Each structure stands twice: as structure tokens, then as C-alpha cells.
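Spelled out, the chains give:
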There are 2 protein chains.
Amino acid sequence: MGNRIRIGIAGYGNLGRGVELALAQAPDMALVGVFTRRDPATLQLHGADVPVHDMARIAEFSEAIDVLILCGGSRTDLPEQGPALAALFNTVDSFDTHARIPEYFAAVDAAALRGQRVSVISVGWDPGLFSLYRLYGEALLPVGATYTFWGKGVSQGHSDALRRVPGVKNAVQYTVPSPAALERVRSGECPQLSTREKHTRDCHVVLEEGADAEAVRQAIINMPDYFVDYDTTVNFISAAELQREHAAMPHGGHVFRSGQTGRQTQQALEFTLKLDSNPEFTASVLVAYARAAHRLSLRGETGARSVFDIAPALLSPKSAADLRKELL
Amino acid sequence: MGNRIRIGIAGYGNLGRGVELALAQAPDMALVGVFTRRDPATLQLHGADVPVHDMARIAEFSEAIDVLILCGGSRTDLPEQGPALAALFNTVDSFDTHARIPEYFAAVDAAALRGQRVSVISVGWDPGLFSLYRLYGEALLPVGATYTFWGKGVSQGHSDALRRVPGVKNAVQYTVPSPAALERVRSGECPQLSTREKHTRDCHVVLEEGADAEAVRQAIINMPDYFVDYDTTVNFISAAELQREHAAMPHGGHVFRSGQTGRQTQQALEFTLKLDSNPEFTASVLVAYARAAHRLSLRGETGARSVFDIAPALLSPKSAADLRKELL
């Protein structure tokens, strides 16, 4: 163990598994335990030789863990777990309900200040890395326009919404950026783009036995918030095809900042992410920010932080001098 | 003036002019003076209504300026000015001689600590923004490879080298990334690329009256460090064509990080910059980091910093709460 940063994982789904794998690439960090609400005896880890504990006992480990990485979902797990665990541990999480970030930040901040811990919230790629690029773009080119495109990739939220439609047995939804819109933005023309113009939505749906395909299609394409504002295609496929062709979780996207400096000089930044596994990449980002949280805590800092508050050097295991020499 | 950050410009070439223009886009900052080694009476600013002072008198202004932006060159100006001015002012500079950054950092750090000031060194896009992307890429995908490509754009250093060749009256050099190499990197194959495979160099040269074109071409393509390791093309053109077609200073490039998470899962980041004016963009970056330097100084921090040490939120005029709400 030596001086390695002691990491705990709270919640062991796709993201928790990704964190376990990402920690194997971080020689300065060590996984010391996994916490689950399932029966710990039933959990099969992906190679790490560490104990699995019942989540109910997590408070007993508050001195044995340097940073706890929260791998629960944003809809029901994190709103409760985030503040509760921030009072006991340094934490990092991937809370991604954009509209509720201010209230979540406030709740976690209060708990972390009370517990004298550091919590980095909303870490991942959006919110996370894409947020950083939006900030850098706007700060460096204050006169201009920012565009975020997502995909092509699987949206978990939209796939879940499909599965709640009566008659749907299983489904996967891909968010696809419109090539024409991407081209217009890339050209620097700074277009006004409607929601419909920016992305299309491709649904692959397995019907329940006897379900009415056209009724399901209508229910999907007219679903408020999720689909009605988009051009949505619905493909009905077999369970076998869904399993064979759509089991991976790729994602990615683009952040653009097009701006003008001086007298109408065009300047453009583009950031592109191409991920074969969304949860594994999100997990890698969480692990790097766990390193930062530990370092902030060692300095005596307390409270909630976002990626905006973290100096980039804190993410790397290298020394400041090595970073300047090798990467600056 | 109000509470605006008071900015001084030291050195008024292309970069200093760019800073003047960039400050016009920063409502929280105010230019208060320009310093030059030329006769101040001969300097024509680009619209700012501020005094121009002799650089020799700059020490008199150490309490009247919150951050001094150093706009001299890296070859002869900054190695001397950087440490000297860091003892008197909070400074930001674009020192870009990569190999000499460690010693420059040490000299500026010692001076800034002595003067209890903050200095952010090597700000711009490379070193600067590209350095940040290299760091983020490596920290978030620790198993992988990083590639930096420059161009297509005008390299000032290589253009200067051309102008030192006997028989050359004037010249501009474009650094051009190889499309084949870009494609291989973008595909995720993580190739080993030689210097010659990554970039080509296009030279546009105006000959002195009576110069021997073939001798000039040979002198260029065999020049050590600058050209011999590249496929270099030399075009001889008229002074009028050089002025008409090659007076702009576009630049840009790409930073790639291709990595593997988990068990051979491919993940890729690409960052692209397309600049119609290299000095104007560099100036915009300097201005954003001047804001950060001022804030660090207000907190009581002292010493040298690089872009790696600056939390992104410090670059934006927006509050932390607004940033979380609007950009996270």
C-alpha cells in the first residue's frame, strides 16, 4: 500500500466497474473496498482483490478511505448519497442532472464543510470535460458562440424513457449530431440552430409480445421533453439483434467555440471526444479527480468543488516540475 | 475605472497590439498604460486612449498597475525582462522556448517571491492551451499516446531563419501537418511517427537582386534543426506577392490523445485550433490569465505559475455560481 491514495467505490454498476478498471492504471492509488446495497456475497469484482461491504456499514470506514468515488445514478442515488457521504468522506461523483446542479452543489457543500471534507461534484465528460471546454472557450474568446453536440452515442436517459413506454420490452436510443449542423458550425458562420436541427434520435426497440408497433412509435415520437422536439426514427428489432448489435455503450461529441478577436478576426476551437465506452471513460475522469480531491484535502481545503475549481496539475501523478518540463 | 483590473502592456509589437484589442472585450479590465523601448511619442496605439511611457521608467508604475502583460519576444526580451519585471509587478507572459522553460520558471519564481508578486509564465496556445490538453489527455487516459500537430500556419521562428539565409530578402514559412499522419492518428492506431512524417514545411521566399536561387534553396533545405529533418518546398515569389498573399499570421493545430481503458477499450480526444491571427489569439489568452494572476495575488499568493496551476474558473469574469449554473 505504501503512500498510495486509498480509494473506496460506492455502488458497483457499469460505472463502479469502470472505476475498478481505471484504478488498475493509477499506480499512486489503491482500491481498498467496494460498497453495495446488494448482498455483498453475490458481488463478483473484475479482478480486484478487495473486500465488498454492505453500504449500510460505510460510516465505519471513514478513516480508512482517503477518497470515496460515488458511482450511483443521478436520478435517485446521488441526491441522497452525495450529501450524506460528503459529511464522512472526501468524495467525487458524476452527478449529471444539469438543471439541478446548483442545489446539489449547495447540499454537498454544506455537508462537506460540516465534515471538513472535500467533494468534487459532476465529474465526467458532460458535465465535466465538456464543461471545461465551454469555460475555456468563453473565457479565451469572450466575443463568440459556443456549441455542444452529443453523439453518436447511447443516451441512458432516453433509453430508459423508451423502456417505460407500454409495449416496449427493451430499447436503446442513439443521439446523433446532424452532419449539416456540424458543418455549419465548423465553417465559423455561428448559426442559430433549433433543437431539431442539431440532433436526431435513433431508437432501436424490442416490442412486447402482441404490442401494437404503430401505437408504440406514436407514443415515442410524441413524448414530451425526450423526443417530440427531434426528428426521431424508431426501428423495431429482435431481442437477439439488440443484444448483438447494441450492447456497447459508445458516446462522444463536440464542443465548439467560434469567436472574433480584434477587428473581425475569426478564431475557432473544436474539441472532440470519441468513446468506445462511456462508463469506462467517465470512470477514468472520476479517478483523476479523486487524486485532486485527496490533494486539496491534504492542503486543508474543505467544501464542494466542481471541475472549474481544480487546477489541471492536480489531476496528474507527475510533479509540477516534471509537468512543466514534459508537457508545457 | 471603478473596480476594473488595471493592466499595463510592456512591448508594443503584434502581440502588444493584440492585447490592446483583447482588453476592449474584457469589461472587468482596463488598460492604463503601454511601455516601449522606442520613442513613446512615435507610438500609435490602435484606439486605446492611454499614455505611452518609456520602458526605462516602468518601475515608477509598480503600484499603479495590477497586472503587467509582457509582450516581448522569447529569444532576447523575456529572459531578461521576465525576472526583472516579476519582482515589481504581477506579470503574465508568453515565453515559448520549450526547452528553456524550467530555467525561466526558476528565475521568474525567485523574482516574484522576492517581490511578493504572482507571475504566470508561458501563456498562449503552445505552450499554453495545447499544454493543457496534453495534460488533461494524459491524466484522464494514462495508458495511451499523445500527438501534437502544428499548422497549417506561419512559424515566426522558421520565417526568421529563412530571412537569415544569404540572398533572401524576405520570406514566410508555413508549417503543414501531413494529412496522412493526421489520418493515422485520428484512426486510433497510435502510430510511431518520425519528424519527417508529421509535418512538411512550405517556404515562400523573395530573393535579393542577383541571388542564386538554387544556392538559396540548398541552404534552406539543408539547414540543421530548422529544415533538414523535413520535406521542405521552396517557392520563389515577388515582394508584391509576399505582401499580398502572405501578410496574415494564421496558425493552429491539433492535440490528440488516444488511449485504452479497461480491457482494450479505445477512447480518443482531439482538440483543434484554427486561428486567423496567431498573435491576436495569444493576446486573448494572455488577457484571461492576467485576470487569474490578479485574483491569485488578491488571495496573497506569490511566485511563478504556469497554466497547469490555474483553476479554470479563475479565467472567467463570471462568478463560481454562475459558471456552475450556465456552463457545468
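Whatever comes next refers back to the structure up there.
Let me sum up the structure you'll find in this document. All of these numbers come straight from a predicted model, not from anything done at the bench.

Digging into the environment of A:D54
Residue and element names in this part refer to chain A.
Alright, step 1. Along the chain, D54 falls in strand β3 (residues 52-54).
Alright, step 2. A C-alpha to C-alpha distance of 29 Å links D54 and G128, two positions 74 residues apart in sequence.
Alright, step 3. Polar contacts involving the side chain of D54 include one to the main-chain amide nitrogen of A56, which spans 2.8 Å.

So, the interface of chain B and chain A
Alright, step 1. On the side of chain A, 64 residues touch chain B, which itself brings 63 residues to the contact.
Alright, step 2. Inspection of the region where chain B meets chain A yields 2 salt bridges.
Alright, step 3. The tally of links between chain B and chain A comes to 33 residue pairs in polar contact (both at pLDDT 80 or more).
Alright, step 4. Those elements giving two or more residues to the side of chain B that touches chain A turn out to be α3 (101-115), α4 (129-140), β12 (251-261), β13 (265-275), α10 (278-298) and α11 (320-326) of chain B.
Alright, step 5. Per-element accounting of the side of chain B that touches chain A gives the leading share, 11 residues, to β13(B).
Alright, step 6. Per-class residue counts for the side of chain B that touches chain A are 34 nonpolar, 16 polar and 13 charged.
Alright, step 7. Two elements, strand β13 (residues 265-275) of chain A and β13(B), share 9 bridges in a ladder whose sense is antiparallel. Following the sheet pairing, A:K274 is matched in β13(B) by B:A268.

Re the nonpolar core
Alright, step 1. Core analysis: the largest hydrophobic core is formed by 159 residues, its most contacted members being A:L129, A:F281, A:Y289, B:L129, B:F281 and B:Y289.
Alright, step 2. When neighbours within four sequence positions are excluded, A:L129 is seen to be in contact with A:G124, A:F271, A:L273, A:F281, B:Y136, B:L140 and B:L269.

Examining the pairing of strand β11 (residues 231-236) of chain A
Side chains on a regular strand alternate between the two faces of the sheet.
Alright, step 1. Both strand β10 (residues 199-207) of chain A and β11(A) contribute to a ladder of 6 bridges, which runs parallel. Bridge pairing links A:T200 to A:D231 in β11(A).

Structural notes on the packing of helix α2 (residues 77-86) of chain B against α3(B)
Residues and elements named next belong to chain B.
Alright, step 1. Two elements in contact, α2 and α3, have axes whose closest approach is 7 Å; the angle formed by their N-to-C orientations is 25°. With respect to α3, the axis of α2 lies roughly parallel. Between α2 and α3 lies a crossing of right-handed hand. Seen from α2, the contacting residues are L78, P79, G82, P83 and A86; seen from α3, they are Y104, A107, V108, A111 and A112.
Alright, step 2. Class assignment of the residues belonging to the contact of α2 with α3 gives a composition of 9 nonpolar, 1 polar and no charged.

A word on the relation of the copies chain B and chain A
Alright, step 1. With an RMSD of 0.0 Å, the fit of chain B onto chain A corresponds to turning through 180° and sliding 0.0 Å along the axis. Here the two chains are linked by the operation of a two-fold rotation axis. Nearest to the rotation axis, the C-alpha of B:A311 is located 1.9 Å from it, this being the minimum over chain B.

Quick word on the side chain of A:T91
Residues and elements named next belong to chain A.
Alright, step 1. Mapping T91 onto the fold places it in strand β5 (residues 90-93).
Alright, step 2. Classification of T91 as buried rests on a relative accessible area of 1%.
Alright, step 3. A polar side-chain atom of T91 sits 2.7 Å from a polar atom in the side chain of S119.
Alright, step 4. Those residues in contact with T91, other than ones at most four positions away along the chain, are V67, L68, L70, L85, A86, V118, S119 and V120.

Definitions and limits used
- Residues numbered from 1 in each chain as written.
- Chains lettered and ligands numbered in written order.
- Predicted model: local features only at pLDDT ≥ 70, side-chain atom pairs only at ≥ 80, totals over all residues.
- Heavy atoms only, no water.
- Helix = DSSP H or I, 4+ residues; strand = E, 2+ residues; numbered from the N terminus.
- Polar contact = N/O pair within 3.5 Å; in protein donor to acceptor, adjacent residues only side chain to side chain.
- Contact = heavy atoms within 4.5 Å.
- Salt bridge = Lys/Arg side-chain N within 4 Å of Asp/Glu carboxyl O.
- Nonpolar A, V, L, I, M, F, W, Y, C, P; charged D, E, K, R; others polar.
- Pairing = 2+ DSSP bridges.
- Core = buried A, V, L, I, M, F, W, Y, C linked by side-chain atoms within 4.5 Å.
- Buried < 20%, exposed > 50% of the residue type's maximum accessible area, 1.4 Å probe, protein only.
- Axes fitted to C-alpha atoms, helices over the stretch in contact; angles between N-to-C directions.
- Parallel < 35°, antiparallel > 145°, perpendicular 65-115°, else oblique.
- Left-handed = near helix turned anticlockwise from the far one by under 90°.
- Least-squares fit on C-alpha atoms with pLDDT ≥ 70 in both.

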